[in-house]
Amino acid sequence: KKFILTASRLNKEKQVDLVIKAMKHLPDYELIVAGDGECREEFERLAKTVGKNIKIIGRVSHAELKKLYRECFCVANVPKQEALGMVALEAQANGKVMIGARGTGMLDYAKDPRTVILLDDNSPDKTGDLVAEMAGREPRVHLLRRPGKMGLGTAYRDGFRWALARDYEYIF
């Protein structure tokens with residue numbers, strides 16, 4: 001079975017819970033979470049409610065982490081803020097698809113960001129209209145419109161689905 005890897009400290013700032021929740025909608029994939037932290041027990045309880053396709057394996061050795069990066073289908077990392085983006089660098093070094101969060105600096109480290117996708121929840125600031133205009137001029141830009149605020153977790157899920165269905169190499 002293809003698996004998505006999340007390698008992270010298990011705390012609120014890293015938002016691993018969003019990746020876990022998204023797995024409810026990706027039954028053909030397994031999620032392996034490598035890491036430890038103050039939210040581990042909470043995330044383990046959440047994982048049990050979401051499905052059997054989630055394994056939280058805790059802290060692993062450097063050698064085991066390298067093996068996980070080599071074997072995974074893609075890497076998911078959706079922190080609130082990420083200064084350097086080591087997970088993105090490690091995923092890229094292993095030639096893996098990276099699912100990440102906008103505004104975290106991950107795009108700054110992408111070797112080859114060929115496509116940009118933005119999800120718009122009918123934003124009152126008309127961001128979606130600006131992106132649609134840009135998409136008309138730039139074929140690498142795509143916009144997924146949604147009828148209203150549906151939550152960040154479903155935004156990640158919808159973006160993951162869109163990119164995975166198109167076999168994208170990098171997803172940020």
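Please refer to the structure placed before this passage.
Description of the structure in this document. Note that the structure is predicted; figures quoted are calculated from it, not measured.

### Considering the overall build of the chain
Along its length, the chain carries six helices and seven strands. Overall, the chain shows an N-to-C arrangement of helices and strands of β-α-β-α-β-α-β-α-β-β-α-β-α. Taking all 172 residues of the chain together, 47% fall into the buried category. Considering only residue pairs separated by 6 or more positions, the chain has 66% of its internal contacts joining residues 24 or more positions apart. Only carbon and sulfur atoms are counted for the fraction: they give 51% of the accessible area of the chain, which is about 9600 Å².

### Here's the deal with the pattern of salt bridges
Inspection of every chain in the model, using the stated rule, returns six salt bridges. As a salt-bridge pair, Glu44 and Arg40 come within 2.9 Å of each other at their nearest N and O atoms. Here Arg40 and Glu44 lie together in helix α2 (residues 40-50), a separation of four residues that amounts to about one turn. Relative accessible area serves as the criterion here: at 27%, Glu44 is assigned to the partly exposed category. The residue Asp158 makes a salt bridge to Arg157 at a minimum N-O spacing of 2.8 Å. Each member of the pair, Asp158 together with Arg157, is buried.

### Regarding the sheet that holds strand β3 (residues 54-58)
The sheet built from five strands is open, its strands ordered β3-β2-β1-β4-β5 with parallel pairing. The two strands at the open ends of the sheet, each matched to only one other strand, are β3 and β5 (97-100). This sheet shows a mean twist of 25 degrees between the axes of neighbouring strands, independent of strand direction. Pairing analysis gives four bridges linking strand β4 (residues 74-77) to β5, with the strands arranged parallel. Among the inter-strand pairings, Ala76 is bridged to a residue of β5, identified as Ile99. Most of the contacts of helix α3 (residues 62-71) go to strand β1 (residues 3-7), to which it runs at about 145 degrees, and overall it touches β1, β2 (30-34), β3 and β4.

Procedures and definitions
- Residues numbered from 1 in each chain as written.
- Predicted model: local features only at pLDDT ≥ 70, side-chain atom pairs only at ≥ 80, totals over all residues.
- Heavy atoms only, no water.
- Helix = DSSP H or I, 4+ residues; strand = E, 2+ residues; numbered from the N terminus.
- Buried < 20%, exposed > 50% of the residue type's maximum accessible area, 1.4 Å probe, protein only.
- Contact = heavy atoms within 4.5 Å.
- Areas by Shrake-Rupley, 256 points an atom, 1.4 Å probe, with all protein chains shown as cover.
- Salt bridge = Lys/Arg side-chain N within 4 Å of Asp/Glu carboxyl O.
- Pairing = 2+ DSSP bridges.
- Axes fitted to C-alpha atoms, helices over the stretch in contact; angles between N-to-C directions.

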